[in-house]
Every structure is written in C-alpha cells, then in structure tokens.
Amino acid sequence: MARRKTQTPKAPSQRQLRAGELVRHALVGILTREELRDPDLEGQLISVTEVRPSPDLRTAKVYVAPLGRGDSAKLAAGLNRCAGFLRGRLGREIEMKFTPELHFHPDNSFDTASHVDDLLNRPQVRRDLDADEDQPGNTED
C-alpha cells in the first residue's frame, strides 16, 4: 500500500536564508542613503523586517514597516512603485547571479503583538491570570 504524502510547508533552505539576509542588509543601506521621490515615502523611516526569497532566488517578498507611526500598507505600495529603481541599486550592491525582483508587503506583526499585549492587560484577563498564579500547586521552576 502506498503511503500518502501530507502537504507540509517546506522550510526555507540555508541558501534562501543567507540570500534573504544579504538582500535585507543591502536594502536597509540603500533606503537610508537614497532619497525616494514618492509622496507616500517622503519623511518616512522604513524598517525592513524580513526578506523571503523564492527557492530559485529570482523573486523576493520584502516585509516592511514604518518606524514610529505610519501606515504600513501605504508604505508598501510606495515601495512597490519604486521597486525597479531599488532593484537596480540592489544589483550594484550584492554579488548574486540574479538580482531578485522585489515585492513589498506590509509587516503587521508589530501591530498584532501590541494587540495581544492590550488584550492581556485588560482587567478581566489580568484578574484571571493573577488568580491562576495564586492557586496552590502552581510553582514555577
């Protein structure tokens, strides 16, 4: 009887991780040096949180968030309009066979983390968490 293969998401290879970090580091340098002429990017400090290259390293998803306050979706849209320019600058910075095509996406992980913190700090939840800590038999190792 043949075994059924389950579809599990494949983890990125060491090569993809290395290439992603190389691209991320170079993009941060480019974004700090270059003046981008897009109204959505004017005066924005940009944080490149993660770069996920495809297995063939020809495309890369770049996750960005504004430092401080700002709309990450608007920021990603502005960077997508400048993607060709950034790809050209990136090609001069990195040593790869192909310069990946860049696709910018908003990184909402910081918003999600702050939302979870807000939920945990609600009085009803705090009361339940404090009650769990006070019960006998709950010792922390």
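How each quantity is defined
Residues numbered from 1 in each chain as written. Predicted model: local features only at pLDDT ≥ 70, side-chain atom pairs only at ≥ 80, totals over all residues. Heavy atoms only, no water. Buried < 20%, exposed > 50% of the residue type's maximum accessible area, 1.4 Å probe, protein only. Helix = DSSP H or I, 4+ residues; strand = E, 2+ residues; numbered from the N terminus. Pairing = 2+ DSSP bridges. Salt bridge = Lys/Arg side-chain N within 4 Å of Asp/Glu carboxyl O. Axes fitted to C-alpha atoms, helices over the stretch in contact; angles between N-to-C directions. Contact = heavy atoms within 4.5 Å. pLDDT = per-residue confidence, 0-100.

**Thoughts on the pairing of strand β2 (residues 59-66)**
Counting buried positions along β2 gives six out of eight residues, so the element sits mostly inside the fold. Where strand β1 (residues 46-53) lies against β2, seven bridges are found, and the strand directions are antiparallel. Residue pairing across strands places valine 51 opposite valine 62, the latter belonging to β2. When β2 meets strand β3 (residues 101-106), the two strands line up parallel, connected through six bridges. Looking across to β3, one finds that threonine 59 is bridged to glutamate 101.

**Re the pattern of salt bridges**
Using the criterion set out here, one finds six salt bridges in the structure. Glutamate 50 serves as the salt-bridge partner of arginine 52, at 2.8 Å between the closest nitrogen and oxygen. Looking at glutamate 50, the relative accessible area reads 33%, which means it is partly exposed.

**Structural notes on the sheet that holds β1**
Here three strands make up an open sheet; going across it, the order is β1-β2-β3 and the pairing mixed. A strand with exactly one partner marks an edge of an open sheet, and here the two such strands are β1 and β3. Recorded for the sheet is a direction-independent mean angle of 30° between the axes of neighbouring strands. Helix α2 (residues 72-81) contacts β1, β2 and β3 of the sheet and is inclined by roughly 165° relative to β3.

**Details of the confidence of the model for the protein chain**
Averaged over all residues, the pLDDT of the protein chain is 84; the fraction at 70 or higher stands at 87%. Across the protein chain, the secondary-structure element scoring lowest on mean pLDDT is helix α5 (residues 123-134), at 73, and the one scoring highest is β3, at 95.

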